[in-house]
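Structural characterization, general
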Amino acid sequence: MISKSYHFLLLFCSLSFLLEVALADPPYEICSTSSSYANGGSFENNLNKLLSSLPSNASMSKSYNASSGVDQDIVYGLYMCLDYVSNETCKNCIATAIEDIVKLCPQTEEAIVWEEVCQLRYSNNNFLGKLNVTGNIGKDNVQNTSEPQKFESAVSEILNNLTQRASLNLSANMYATGEVPYEDKTIYALVQCTIDLSASECSRCLESAIRDIPGCCYASIGARVLSRSCYLRYEFYPFYEGASSEPADSLTGNNKGKSKYGTSKIWMITGIIAAAGLAIIVFSCCLYFFMKKRNQRSKLNDKISDIPYIDLGSLCVATKNFSDSNKLGQGGFGPVYKGILSNGQEVAIKRLSNCSEQGTEEFVNEVLLIMKLQHKNLVRLLGFCVDGEEKLLVYEFLPNGSLDVLLFDSKQRAQLDWSKRLDIISGIAKGILYLHEDSRLKIIHRDLKASNVLLDYDMTPKISDFGMARIFAGSEDEASTATIVGTYGYMAPEYAMEGLYSIKSDVYGFGVLLLEIITGSRNAGFYHSKSFPSLLAYAWHLWNEGKGLELNDPFLYDSCPEDQFLRYLNIGLLCVQEDAYERPSMASVVLMMKNESATLGQPERPPFSVGRFNVNDQNVPDCLEFSPDFSTGSDIFSQ
């Protein structure tokens, strides 16, 4: 009897699922009617290029924004998958959304579609980081509660609590779920914001969506509010613990469709069974992998869950067993190898060496941090591997290597004419500005240097190595540490001598890098005389003497206008002033480089030292540059 009932219940659940698939509503969309693009035009080409790049990103990240093109035909795009779905589900949902947005909104220059577990948006106007709560769409269950005021109060309470959690970044991707008892049931709720929003904007978006509930979904036992920049949902079953088991046509939205397939109680039973089955599967998988990897990944299981894991065997094959012929270079934390994965993709694999003092904490720091960052001037992380003592990071392959290899080689430097150097400087500046002001997190890189700038096929610079980066809270401007990390020659004096670091520490590192790029000379190791022991000291001396052009790289004589060289020399010296408060912000630096008519100030004296140790001191230990520090200061684990 039990067996027959069990099989009947399973059959019922299966039939219910099939009915859901067969009767599901189409995706919801908003299509702009104000303007349209021409077939075969540059806007359409840029849109297709942008859309085609999204599924591969969705396989690694559940939230992403990007742009394609330039000037009038640039296209801005963003997608968001609900955080509880797998990366594979996210990828498939975005692929479906791409098909639907083109079909439902043909030739419109602005559109958004919402699928079951993801949303996709594009526009010819830059909407990234700009909150828009107009046109929210409410979808409610046709079944109502018998005590609407009491129920609405409970729903409002849990949604407001989740809004606070999500907007304060207490969970990844501005996402939060929770539950609250209600009579003999439980209300399950979920909120999520797009990653381009600030914490306050996320809060405002969700608060607006909550205010829309009485108008669209009053007394309904389940509802969703679809917004351009956020999403919320609540139900009487744990929908976020697995795929939704509720028929899509029960979400009426303006009384669209009717529910004919069972009561709330049946769906609750279905949800409980699905959740129980999922729990068994998850438990079995966790037990298996725990037994297999218990001595290898125990410290990382809770911190790195959604990032592609690539096994060590595959990486050995990809690098010909880490052959010297595949070695791209040697970083402070270990060697970097070129590899080719089984799908033919070229990658760069950073293998932490035993000498490296980057331990598990720094490793996790770098992985979690880079996965949250999306900018064309930041290197992209594709996966990771932890196997015994082996810790490896898999990055996109950048064929032109690191900037220092080209810049400080007397023969290869000739490839870098003035125009290319300006593009590299501009790209680095924009990448740092994104870290300081435009990302969801205020990030201090702490180790800006030429070897941490990589160049792609088009010589576009990408900042790498985030192992020592730190996250600042919204109101925090400065932190201190007892242990100095970084590279002498690029460390700001207040950091090298007192352990104080801020965004102005990165500005100093950028200033050193700028001066190195335009002169072709290293700051660390530069020696003109006892009076000028560093490039900074010599540059400031020549600037005050009106002889700044003497620093011009001989390779630039034919391509570099003298006034531009002097302007960039001025900007570099402003960035490396000894007093951190006198240095400009990166936003001001970008503006000074972009607006040639802007008046520049007179730089004050830079520090003449290149760190606590003389660069010629043979007693400096090899791993001095990278002493790990987790004793003080903000970092990713406290956020």
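Rules and cut-offs
- Residues numbered from 1 in each chain as written.
- Predicted model: local features only at pLDDT ≥ 70, side-chain atom pairs only at ≥ 80, totals over all residues.
- Heavy atoms only, no water.
- Patch = residues over 30% accessible without salt bridge, like charges linked within 9 Å, V, L, I, M, F, W, Y side chains within 5 Å.
- Areas by Shrake-Rupley, 256 points an atom, 1.4 Å probe, with all protein chains shown as cover.
- Salt bridge = Lys/Arg side-chain N within 4 Å of Asp/Glu carboxyl O.
- Lys, Arg positive; Asp, Glu negative; His and termini not counted.
- Charge placed at Lys NZ, Arg CZ, Asp CG, Glu CD.
- Helix = DSSP H or I, 4+ residues; strand = E, 2+ residues; numbered from the N terminus.
- Buried < 20%, exposed > 50% of the residue type's maximum accessible area, 1.4 Å probe, protein only.
- Expected span 1.5 Å × (residues − 1).
- Bend = angle between axes of the 7 residues up to and from the residue.
- Contact = heavy atoms within 4.5 Å.
- pLDDT = per-residue confidence, 0-100.
- Pairing = 2+ DSSP bridges.
- Axes fitted to C-alpha atoms, helices over the stretch in contact; angles between N-to-C directions.
- Core = buried A, V, L, I, M, F, W, Y, C linked by side-chain atoms within 4.5 Å.
- 1 Å grid on protein atoms, 1.4 Å probe; cavity = no way out; pocket = protein on both sides within 12 Å on 5 of 7 lines; lining within 4 Å.
- Points joined across faces, edges and corners; volume = space filled by probe spheres on them.
- Nonpolar A, V, L, I, M, F, W, Y, C, P; charged D, E, K, R; others polar.

Considerations on a negative patch on the surface
A cluster of acidic residues, Glu578, Asp579, Glu582 and Glu604, forms a negative patch on the protein surface. Assignment of secondary structure puts glutamate 578 in the loop between helix H14 (562-575) and helix H15 (586-594). Classification of glutamate 578 as partly exposed rests on a relative accessible area of 42%.

So, helix H5 (residues 199-217)
With 19 residues, H5 ought to run about 27 Å at 1.5 Å a step, and its terminal C-alpha atoms sit 26 Å apart, in line with that. The sharpest bend along H5 measures roughly 30 degrees and falls at arginine 211, with the proline proline 214 sitting one to four residues further on. Among the structural elements, strand S6 (137-140), helix H4 (148-167), strand S8 (185-193), strand S9 (223-226) and strand S10 (230-235) are those in contact with the buried residues of H5. Following H5 by one or two positions, alanine 219 has its phi on the positive side, about 70 degrees.

A word on the pattern of salt bridges
Within this structure, the stated rule accounts for 13 salt bridges. A salt bridge links arginine 413 to aspartate 553; the nearest nitrogen and oxygen atoms lie 2.6 Å apart. Taken as a pair, arginine 413 in the loop between helix H9 (403-407) and helix H10 (418-438) and aspartate 553 in the loop between helix H13 (535-544) and H14 lie far apart in primary sequence, 140 residues in all. Arginine 413 sits in the buried class, given a relative accessible area of 11%. Among the ionic pairs, aspartate 553 bridges to arginine 421, the shortest N-O distance being 2.9 Å. Placement of aspartate 553 in the loop between H13 and H14 and of arginine 421 in helix H10 is noted, with a sequence separation of 132 residues between them. Beyond isolated ion pairs, a larger network of salt bridges with shared partners links Glu116, Arg224, Arg233 and Glu235.

Section: the confidence of the model for the protein chain
Averaged over the protein chain, the pLDDT score is 78; the fraction of residues at 70 or greater is 76%. Contacts for the low-pLDDT stretch residues 1-24, under 50 throughout, to residues beyond four places or in other chains number 16 contacts. Within the model, pLDDT remains below 50 along residues 243-265, and this stretch shows 60 contacts once partners closer than five positions in the same chain are excluded.

Focus: the sheet that holds strand S3 (residues 75-81)
Here 5 strands make up an open sheet; going across it, the order is S1-S4-S5-S3-S2 and the pairing antiparallel. With one partner strand each, in any of the chains shown, strand S1 (28-31) and strand S2 (63-68) form the two edges of the open sheet. For this sheet, the mean angle separating the axes of adjacent strands, direction not counted, is 5 degrees. Direction of pairing for S2 relative to S3: antiparallel, over a ladder of 6 bridges. The residue bridging tyrosine 64 from the neighbouring strand is tyrosine 79, located in S3.

Considerations on the nonpolar core
Ranked by internal contacts, the top residues of the largest apolar core, which has 95 residues, are Leu315, Leu403, Ile428, Phe510, Leu515, Ile518 and Leu569. With 10 residues, the top contributor of residues to this core is H10. Formed by 40 residues, the second largest nonpolar core is a distinct cluster that contains Leu54, Ala97, Cys105 and Ile137.

Remarks on the pairing of strand S15 (residues 390-396)
Of all 7 residues in S15, 7 are buried; the element is thus mostly enclosed. Inspection of the sheet shows strand S13 (residues 346-351) paired to S15 by 5 bridges, in the antiparallel sense. Bridge pairing in S15 places alanine 348 opposite tyrosine 395. Examined bridge by bridge, strand S14 (residues 381-387) and S15 share 6 bridges and lie antiparallel to one another. From the neighbouring strand, valine 386 faces S15, where its bridge partner is lysine 391. Between S14 and S15, which pair antiparallel and follow one another directly, the connecting turn spans 2 residues, one of which, glycine 388, has a positive phi of 65 degrees.

Re the sheet that holds S8
Taken in spatial order, the 5 strands of this open sheet run S6-S9-S10-S8-S7, and their pairing is antiparallel. A strand with exactly one partner marks an edge of an open sheet, and here the two such strands are S6 and strand S7 (175-182). Recorded for the sheet is a direction-independent mean angle of 10 degrees between the axes of neighbouring strands. When S6 meets S9, the two strands line up antiparallel, connected through 4 bridges. Opposite glycine 138, over in S9, you have valine 225 as the bridge partner. Sheet strands touched by H4: S7, S8 and S10. Its angle to S7, the strand with the most contacts, is close to 150 degrees. With respect to the sheet, H5 is in contact with S6, S8, S9 and S10, its orientation differing from that of S10 by roughly 45 degrees.

A word on empty space enclosed by the protein
Over the atoms rolls a probe the size of a water molecule, and its path tells where empty space is left. One pass over the full model with this rule turns up 6 cavities of 30 Å³ or more. Along its surface, the largest cavity is lined by 13 residues, and Arg446, Asp447, Tyr490, Met491 and Ser505 are the ones closest to its centre. Of the residues forming the lining of the largest cavity, the biggest block, 3 residues, is contributed by helix H12 (residues 503-519). Of the residues in the lining of the largest cavity, the class split is 6 nonpolar, 4 polar and 3 charged.

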